Amino acid sequence: MIALALLLLAPPADAYDLLGYAWSPEDLCLEWWMTDYVESSLENASSYGYEDAWDAQASVCQKAFANWEEGAPCAEICNTFLGVDPGNEGKTNDGINKVYWDDPTGSLGEGVLAVAAYNVTAEYLREQDGEYLYRFGDVDVTFNDQIDWTLTEEIEGGVPCSGGMAALEPVATHEFGHLWGVGHSCEEGDPCTDEALRYATMYWANDACDISRNSINSDDIAAINALYGPYATFTTDTERFGGVPLTVQFRVVAGEDANITGVLWSFGDGQTSTEMAPAHTYEEQGQYSVVLKIDGNNESCGDWSFEYRQRAYVVACEAPGPGLAPGGSPYPGLFTYEHLEGLQYQMVNRADTSVYGCLDTVIWQIYDDSDTMIQEISAWSPIVEFPSEGAWRVVLNVGGPGGLSAAELVIDTAEHAGGCNTVPAGAGLAGLLAGLGIALARRRR
Ligand SMILES: [Zn+2]
């Protein structure tokens, strides 16, 4: 019974959702426009102190922006309203952030109050809460003109809420949450037992005349802070791509007002540091993800913390060696070959490609018996046709940031003349020779 009660009372803690997009600091203050379309249900706005319906539309949207900026002082967001932009064509990918009403496209279905539509870019910003964030291109918000939009002043003034009415300000505040990159606190059908989620402005629905969601709540604030709160990143003052041992000099990059009180680096190889600018040496080949946990304290946020992660940030390479065969043990050499027919042989490159970036050069060289190079090939596993019967020396050079390795085999094409074209797997004695240390490695840098 107790176990069951715990199960019901303590569901896994849920939290805000991020859309996977955010604005770059370069996009702020965020500029936006409003269509010249006039929403007819707001035509009584002049009795509430607005110049006219259009002024009410624009003013409520500015208020909705302010609800986020004032409700979350720790988030570095701001906006600039640029006024009227004629045309009410609906969502466009024109790089302009604009508020529309639903005429003439009529694309919003019944029951939909408003939508935010995003045009996004492929520019990666960072990873946040385990999600990759990309930069917004532009966002357009469209309100459904089938709704009897109602001003906060009307509801506060006691206008009875009747069919078809909906409060504009909480809907605008919700849509602008999407515009900043915040998803829903709960979706339709979620149990949503946590009150912070149930009463968030970013809850998926709103009761028609409920203006309590004009103010953002703790969950909304956590979400916007995650996107635009204080943060720090890192960079390096040395190459982070090279041969082992690779010493990388790291450095925290933070705004002046971040006021960092502590850092914890995880270098991806099991080592950590609490220095602001540590130098770390990678001894083994690998791709390393680096994580920086930052704690700070400043006036608008109080204590804050942030985790910045860069996957595959450091690539440390050894000179290329043989890769792993299907059984899990390394191939005996950097390459093997198979006889095809006549003087044609298939070279099979066995170099290790397990660490992306550690192998960027492949050159095959064919030498005759007087040690003159007769051919140079840069394919991965080429087919080689030798000029005649005899002994040919084949050299494979593979290299990358960790240095250059070479291996060679002598292929006697006379062995396969006269109709004998069977070659043992692994290229027989020659393959063994390759395994016995012909693979020469010399450090390139
Ligand atoms: Zn929504």
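Basis of the calculations
Residues numbered from 1 in each chain as written. Predicted model: local features only at pLDDT ≥ 70, side-chain atom pairs only at ≥ 80, totals over all residues. Buried ≥ 20, exposed ≤ 12 C-beta atoms within 10 Å, placed from the backbone. Helix = DSSP H or I, 4+ residues; strand = E, 2+ residues; numbered from the N terminus. Contact = placed C-beta atoms within 7 Å. Pairing = 2+ DSSP bridges. Axes fitted to C-alpha atoms, helices over the stretch in contact; angles between N-to-C directions. Parallel < 35°, antiparallel > 145°, perpendicular 65-115°, else oblique. Left-handed = near helix turned anticlockwise from the far one by under 90°. Nonpolar A, V, L, I, M, F, W, Y, C, P; charged D, E, K, R; others polar.

Side note on helix 6 (residues 218–228)
Because an α-helix packs 3.6 residues into every turn, residues spaced three or four apart end up facing the same way.
So, point 1. With nine of eleven residues buried, helix 6 is to be regarded as a mostly interior element.
So, point 2. Of the residues making up helix 6, those classed as buried are D219, D220, I221, A223, I224, N225, A226, L227 and Y228.
So, point 3. Each element contacted by the buried residues of helix 6 is listed here: strand 1 (21–22), helix 2 (53–71), strand 5 (114–128), helix 4 (168–180) and helix 5 (195–198).

Side note on the sheet that holds strand 14 (residues 279–282)
So, point 1. Spatially, 9-11-14 is the arrangement adopted by the three strands of the open sheet, whose pairing is antiparallel. Where the open sheet ends on each side, the last strands, each with one partner, are strand 9 (232–236) and strand 14. Between one strand axis and the next, the sheet turns through 35° on average, direction left out of account.
So, point 2. The pairing of strand 9 with strand 11 (residues 246–254) spans five bridges and is classified as antiparallel. Within the sheet, the bridge partner assigned to F234 lies in strand 11 and is V252.

Describing the sheet that holds strand 13 (residues 272–273)
So, point 1. Taken together, five strands build an open sheet; the order of strands is 10-16-15-12-13 and the sheet is mixed. Of all strands in the sheet, those bounded by a partner on one side alone are strand 10 (241–243) and strand 13.
So, point 2. As defined by bridge partners, strand 12 (residues 260–266) adjoins strand 13 across two bridges and the pair is classed as antiparallel. The partner of W265 across the bridge, within strand 13, is S273.

Remarks on the packing of helix 2 against helix 4
So, point 1. Contact pair helix 2 / helix 4: the axes reach a minimum separation of 8 Å and the direction vectors enclose 60°. Considering their axes alone, helix 2 and helix 4 lie oblique with respect to each other. Pair helix 2 / helix 4 crosses with right-handed handedness. When helix 2 is examined against helix 4, the residues V60, C61, K63, A64, F65, N67 and W68 are found in contact with a partner set consisting of L168, E169, A172, T173, F176, G177 and W180.
So, point 2. Its residues placed into classes, the contact of helix 2 with helix 4 shows nine nonpolar, three polar and two charged.

Quick notes on unusual backbone geometry
So, point 1. Across the junction of L28 and C29, the peptide omega takes the value 0°, indicating a cis bond.
So, point 2. Mapping C29 onto the fold places it in the loop between strand 1 and strand 2 (30–34).
So, point 3. Looking along the chain, the bond that leaves V244 and enters P245 is cis, with omega of -10°.
So, point 4. Topologically, P245 is positioned in the loop between strand 10 and strand 11.
So, point 5. At N259, a position not held by glycine, the phi torsion is positive, near 50°.
So, point 6. The topology assignment puts N259 in the loop between strand 11 and strand 12.
So, point 7. Take N259: there are 15 C-beta atoms within 10 Å of it, and that puts it in the partly exposed class.
So, point 8. One non-glycine residue, D371, lies in the positive phi region at around 65°.

As for the environment of D52
So, point 1. Assignment of secondary structure puts D52 in the loop between strand 2 and helix 2.
So, point 2. In sequence terms D52 and V38 are 14 residues apart; their C-alpha atoms lie 9.1 Å from each other.
So, point 3. Beyond its immediate sequence surroundings of up to four residues, D52 is in contact with A45 and S46.

Observations concerning the pairing of strand 4 (residues 97–101)
So, point 1. For strand 4, the tally of buried residues reaches five of five residues, placing the bulk of the element in the interior.
So, point 2. Alternating positions in strand 4 separate into two faces, N97, V99 and W101 on one and K98 and Y100 on the other, with burial throughout.
So, point 3. Looking at chain direction, strand 2 and strand 4 are connected through three bridges and run parallel. Counted as the bridge partner of W33 is K98 from strand 4.

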